[in-house]
Amino acid sequence: MAVNLKGRNFLTLMDFTPEEIRYMLDLAHDLKAKKRAGIVNHLLKGKNIVLLFEKTSTRTRCAFEVAAMDEGAGVTFLDSGSSQMGKKESLEDTAKVLGRFYDGIEYRGYKQSVVEELAEHAGVPVWNGLTDVDHPTQILADMLTIEEHVAKPLNKVKVVFVGDVRNNMAYAWMYGCAKMGMHFVAYGPKELCDEVDSSVLERAREVAKETGATIEVSHEKSALKGADVIYTDIWASMGEEAQIPERVKLLTPYRVDMDLIKATENDDVIFLHCLPSFHDFETTMAKGQKDEGYDIREVTDEVFRSRFSKVFDEAENRMHTIKAVIVATIA
Ligand code: CP
Ligand code: NVA
């Protein structure tokens, strides 16, 4: 049956079938090729979208803006200080108002329940631009990048997520891999493995039974063997900065360095990272933490800049995949 995603929300990959995810990836490949060839279609002419950000962003915000503008849509950006949402006006009322003005609403913030509530009341598609427990647009970009750099179909690919195995990226990967029949290991310290939300794991494994995916959590180094993708993320996500001392203690042995890359025993392995990354001390945060005695680098500069690293292709793909999500749901 033909896939039609018009009018759909994009809150988590768990809401989509493998065929629907395949459709969005194919559309992203196509839109990327068209942009490269200078082909302009203005698929969103006459549309307007609004971007609500309660957390900071470079890639997601700019990807939504450029994707929409490339296709001829208008864009409004609102951060947490510049709207009434949540403070003087309920989420329900905000969603109802924005749904009258706009054809689609992006939201980045804390609770998944907020993006769900917006979707319940907006009457137009709502897109999840990251919450504490999911980051589905990032996973589409990561899958596109894997398809460009790993000479295997997705269902033969092994992804090892290294580090904070209980964060939004780890969970988003569990869902994405489960849906696409991929092989996933969340590899991190036992203390954090024990904190992985069992309901996330159960939901992912339930889907995996149908798709042939494998979803594992491990603190054993042997988990790295045969990885096609080594993925990592910062050790303390937005809003968790107070945890830095404890995380540095737990995660220092899990910093992605060349020894960890070698432990995959795969010379064609690629390194991915959602970014932003602490790979040196060229940020006020990494420098400030270093002065306090904490080295928060989750990956060495050597790996980040190595031939294994495809992180900037991945960052570019945020735009092409987000464009596919917007076009698929509102064009
Ligand atoms: N990867 C990602 O979501 O980046 P931003 O926080 O810059 O949007
Ligand atoms: N886990 C990170 C992802 C940033 C894109 C965070 O939530 O801060």
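Conventions used here
- Residues numbered from 1 in each chain as written.
- Chains lettered and ligands numbered in written order.
- Predicted model: local features only at pLDDT ≥ 70, side-chain atom pairs only at ≥ 80, totals over all residues.
- Heavy atoms only, no water.
- Phe/Tyr/Trp six-rings, centres within 6.5 Å; stacked < 30°, edge-to-face > 60°.
- Lys NZ or Arg CZ within 6 Å of the ring centre and 35° of its normal.
- 1 Å grid on protein atoms, 1.4 Å probe; cavity = no way out; pocket = protein on both sides within 12 Å on 5 of 7 lines; lining within 4 Å.
- Points joined across faces, edges and corners; volume = space filled by probe spheres on them.
- Helix = DSSP H or I, 4+ residues; strand = E, 2+ residues; numbered from the N terminus.
- Nonpolar A, V, L, I, M, F, W, Y, C, P; charged D, E, K, R; others polar.
- Near = heavy atom within 4 Å.
- Polar contact = N/O pair within 3.5 Å; in protein donor to acceptor, adjacent residues only side chain to side chain.
- Sits in = over half its atoms within 2 Å of the grid points.
- Areas by Shrake-Rupley, 256 points an atom, 1.4 Å probe, with all protein chains shown as cover.
- Buried < 20%, exposed > 50% of the residue type's maximum accessible area, 1.4 Å probe, protein only.
- Pairing = 2+ DSSP bridges.
- Right-handed = clockwise from strand over helix to strand, strands pointing away.
- Salt bridge = Lys/Arg side-chain N within 4 Å of Asp/Glu carboxyl O.

A. Local environment of the packing of aromatic side chains. In the structure shown here, the tally under the stated rule is eight aromatic pairs. Through successive ring pairs, a cluster of aromatic residues spans Phe161, Trp173 and Tyr231. A cation sits over an aromatic face here: Arg61 above Phe77, 3.5 Å from the ring centre. Residue placement shows Lys290 over the ring face of Phe281; its charged tip is 4.5 Å from the ring centre.

B. Summary view of the layout of surface pockets. In this structure, the largest pocket occupies an estimated 420 Å³ of space. What lines the largest pocket is a set of 22 residues, among which Arg59, Arg108, Met238, Leu275 and Pro276 lie closest to the centre. Elements that contribute at least two residues to the lining of the largest pocket include exactly α2 (59-70) and α6 (168-180). Class assignment of the residues belonging to the lining of the largest pocket gives a composition of eight nonpolar, ten polar and four charged. Empty space within the second largest pocket amounts to approximately 180 Å³. Every residue lining the second largest pocket is counted, 13 residues in all, and those nearest its centre are His149, Val150, Asp268, Val269 and Ile270. Tallied by class, the residues present in the lining of the second largest pocket amount to five nonpolar, two polar and six charged.

C. Summary view of the site of ligand 1. With respect to spatial proximity, the complete set of residues near ligand 1 consists of Ser57, Thr58, Arg59, Thr60, Arg108, His135, Gln138, Cys274, Leu275 and Arg318. A distance of 2.8 Å separates a nitrogen atom of ligand 1 from a polar backbone atom of Leu275. Judged by the fraction of its atoms near the pocket grid, ligand 1 is located in the largest pocket. Of the residues assigned to the shell around ligand 1, the class counts are two nonpolar, five polar and three charged.

D. The arrangement of the site of ligand 2 in detail. As a matter of local geometry, ligand 2 sits amid Leu130, His135, Asn167, Asn168, Asp233, Ile234, Ser237, Met238, Cys274 and Leu275. Here Asp233 contributes a side-chain N or O atom positioned 2.6 Å from a nitrogen atom of ligand 2. One nitrogen or oxygen atom from the main chain of Met238 is found 2.8 Å from an oxygen atom belonging to ligand 2. Protein chains bury 97% of the 270 Å² of accessible surface belonging to ligand 2 in isolation. Placement of ligand 2 is best described as lying within the largest pocket. When the residues that make up the shell around ligand 2 are grouped by side-chain class, the tally is five nonpolar, four polar and one charged.

E. Fine view of the pairing of strand β3 (residues 104-108). Among the five residues that make up β3, five are buried, leaving the element largely enclosed by the rest of the structure. Along β3, one buried face is formed by Gly104, Glu106 and Arg108 and the opposite face, lined by Ile105 and Tyr107, is buried too. Pairing geometry for strand β1 (residues 48-53) and β3, over five bridges, is parallel. In the sheet register, Ile49 faces β3, and the bridge partner there is Gly104. In this structure, β3 lies alongside strand β4 (residues 126-128), joined through three bridges in parallel fashion. Among the inter-strand pairings, Glu106 is bridged to a residue of β4, identified as Trp127. After leaving β3, the chain enters helix α4 (residues 112-122) and then returns to the sheet as β4, a path that is right-handed.

F. Representation of the pattern of salt bridges within the structure. In this structure the tally under the stated criterion is 24 salt bridges. Between Glu65 and Arg61 there is a salt bridge, with its nearest N and O atoms 2.9 Å apart. Placement of the pair is Glu65 and Arg61 together in helix α2, with a separation of four residues, close to one helical turn. Here Arg61 falls in the partly exposed class, since its relative accessible area comes to 29%. The partner of Glu206 in a salt bridge is Lys209, and the shortest N-O contact between them spans 3.2 Å. Note that Glu206 and Lys209 are positioned in helix α8 (residues 198-211) at a spacing of three residues, about one turn of the helix. Assessed through its relative accessible area of 46%, Glu206 is described here as partly exposed.

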